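# Structural overview
Here is how the chains run, residue by residue.
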Amino acid sequence: MARFLGIVSDIDGTITHSDRRLSVEALRSAHMISGRIPFVLASGNTLCFTRAVSKMLGTRSPLIAENGGILLPSYDADPIMADPCRNELNAALNLLLEHFDLNVFDSRDRVTDVSFAKTISKDEILPYLSDFKNIEFVDAEYAFHLTDKNICKGGALLQMSELMGLKPKDFVAVGDSNNDIDLFRAAGLSFAVASATDAVKKEADYVLQKGYGDGFAEMVDFLIQNDWIELEDERRDFYV
Ligand SMILES: O=C(O)COP(=O)(O)O
Ligand SMILES: [Mg+2]
């Protein structure tokens, strides 16, 4: 019997190349599993971005966006939004903008966290955040984020798996960056792609031999070969 009932995957750096182009190998694997096992995308990206990627990969499963701040139970459902410390997030961003010329991402689309380009270093930023007790600084490799301390991908997996009638430990998680560490802790088994940060590799149960989307494909093959997941014959929706 299969040991795990679903896959939860990061997007950037995990099903892409280093420059965020979608990996053909990851796409091939996603195509094989899509609609045949719950396949939840859990990303730091916005809802609209993650929703489009999920649709085009054919996951037919709920998804997690904005580092856990937003859950989408099904493609046409209303999103479930976390309630972040919005005032603190705005104040922290405004303070940083007073001192740095930040390139803020997706400000119109992003609702539960703040994201900006890595044009300055973490060490330059952190001193300005010390008074914001409810804010976590997250380096997701492709962007910096300010998030509410109570919001993370792992917490969102707990909530999402319950909606799906599953347990977080039923899921295999795969990722590359520090915003995936709490996801690894929540899931039953975790894989870091070879290109992951050292902190992520340290946290993972397995470090894949291949990096980026090739690593994702390696993981899917490994799970199938070892009977750790089982694919249903008929494709169907896993939306809730
Ligand atoms: O939004 C980011 O910075 C990274 O996105 P990811 O969580 O899909 O890797
Ligand atoms: Mg990533």
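By the naming in an unreviewed UniProt entry, the protein chain is Phosphoglycolate phosphatase, taken from Methanimicrococcus stummii. You can read under Catalytic activity (unreviewed entry) in the UniProt record for the protein chain the words "2-phosphoglycolate + H2O = glycolate + phosphate".

Take a nonpolar patch on the surface next. Among the surface-exposed residues, I80, L163 and V240 lie close enough to one another that they form a single nonpolar patch of about 210 Å² accessible area. Here V240 is to be found in the segment after α8 (212-225).

Right, let's get into the domain arrangement of the protein chain. Domain assignment breaks the protein chain into domain 1 (6-81 + 151-225) and domain 2 (86-148). Inter-centroid distance (C-alpha atoms) of domain 1 to domain 2 is 23 Å. Counting residues at the interface gives 22 residues for domain 1 and 14 residues for domain 2. Buried area between domain 1 and domain 2, both sides added, is near 1,300 Å², and the carbon and sulfur share of it is 56%. The largest contributions to the domain 1 side of the interface with domain 2 come from T46, E66 and I151, which together make up 37% of the buried area. The interface formed by domain 1 and domain 2 includes zero salt bridges. Between the two partners, domain 1 and domain 2, sit nine residue pairs in polar contact (both at pLDDT 80 or more).

This part covers the side chain of H145. Of note, H145 is situated in strand β8 (residues 144-148). For H145, a relative accessible area of 3% translates into the label buried. Separated by 2.9 Å, the side chains of H145 and D113 make a polar contact.

Bringing the UniProt feature "binding site: substrate" (unreviewed entry) in the protein chain into the picture now. UniProt annotation of "binding site: substrate" (unreviewed entry) refers to K153 when read in the numbering used here. Within the secondary structure layout, K153 lies in helix α5 (residues 153-163). Judged by its relative accessible area of 1%, K153 falls in the buried class. Excluding residues within four positions of it along the chain, K153 makes contact with D10, A42, S43, G44, I64, N67, G68, N179, D180, D182 and L183.

A separate point is the site of ligand 1. Around ligand 1 lies a shell formed by D10, I11, D12, S43, G44, N45, A140, A143, H145, K153 and N179. Here D10 contributes a side-chain N or O atom positioned 2.7 Å from an oxygen atom of ligand 1. Side-chain polar atom of N179 to an oxygen atom of ligand 1: 3.0 Å apart, as the coordinates give it. Isolated, ligand 1 exposes 280 Å² of accessible area, and the fraction of that covered by the protein chains is 98%. Per-class residue counts for the shell around ligand 1 are three nonpolar, five polar and three charged. Here the shell around ligand 1 spans two domains, since at least three of its residues come from each of domain 1 (6-81 + 151-225) and domain 2 (86-148).

Moving on: a negative patch on the surface. Where like charges cluster on the molecular surface, the negative patch consists of D227, E230, D233 and E234. Position of E234 among the secondary structure elements: in the segment after α8. Assessed through its relative accessible area of 63%, E234 is described here as exposed.

Turning our eyes to something else, we now look at the sheet that holds β8. With antiparallel pairing, three strands are arranged side by side in an open sheet as β6-β8-β7. Two strands bound the open sheet, and with one partner strand each, they are β6 (114-116) and β7 (135-139). Adjacent strand axes in the sheet meet at a mean angle of 20° when their direction is disregarded. In the packing of helix α3 (residues 86-99) onto the sheet, contacts are made with β6, β7 and β8, and the angle to β8 comes to roughly 150°.

Definitions and cut-offs
Residues numbered from 1 in each chain as written. Chains lettered and ligands numbered in written order. Predicted model: local features only at pLDDT ≥ 70, side-chain atom pairs only at ≥ 80, totals over all residues. Heavy atoms only, no water. UniProt positions renumbered as here; feature names shortened; annotations may be inferred. Patch = residues over 30% accessible without salt bridge, like charges linked within 9 Å, V, L, I, M, F, W, Y side chains within 5 Å. Areas by Shrake-Rupley, 256 points an atom, 1.4 Å probe, with all protein chains shown as cover. Salt bridge = Lys/Arg side-chain N within 4 Å of Asp/Glu carboxyl O. Helix = DSSP H or I, 4+ residues; strand = E, 2+ residues; numbered from the N terminus. Domains from an automatic or database assignment. Contact = heavy atoms within 4.5 Å. Buried area = accessible area lost by both parts, 1.4 Å probe. Polar contact = N/O pair within 3.5 Å; in protein donor to acceptor, adjacent residues only side chain to side chain. Buried < 20%, exposed > 50% of the residue type's maximum accessible area, 1.4 Å probe, protein only. Near = heavy atom within 4 Å. Nonpolar A, V, L, I, M, F, W, Y, C, P; charged D, E, K, R; others polar. Lys, Arg positive; Asp, Glu negative; His and termini not counted. Charge placed at Lys NZ, Arg CZ, Asp CG, Glu CD. Pairing = 2+ DSSP bridges. Axes fitted to C-alpha atoms, helices over the stretch in contact; angles between N-to-C directions.

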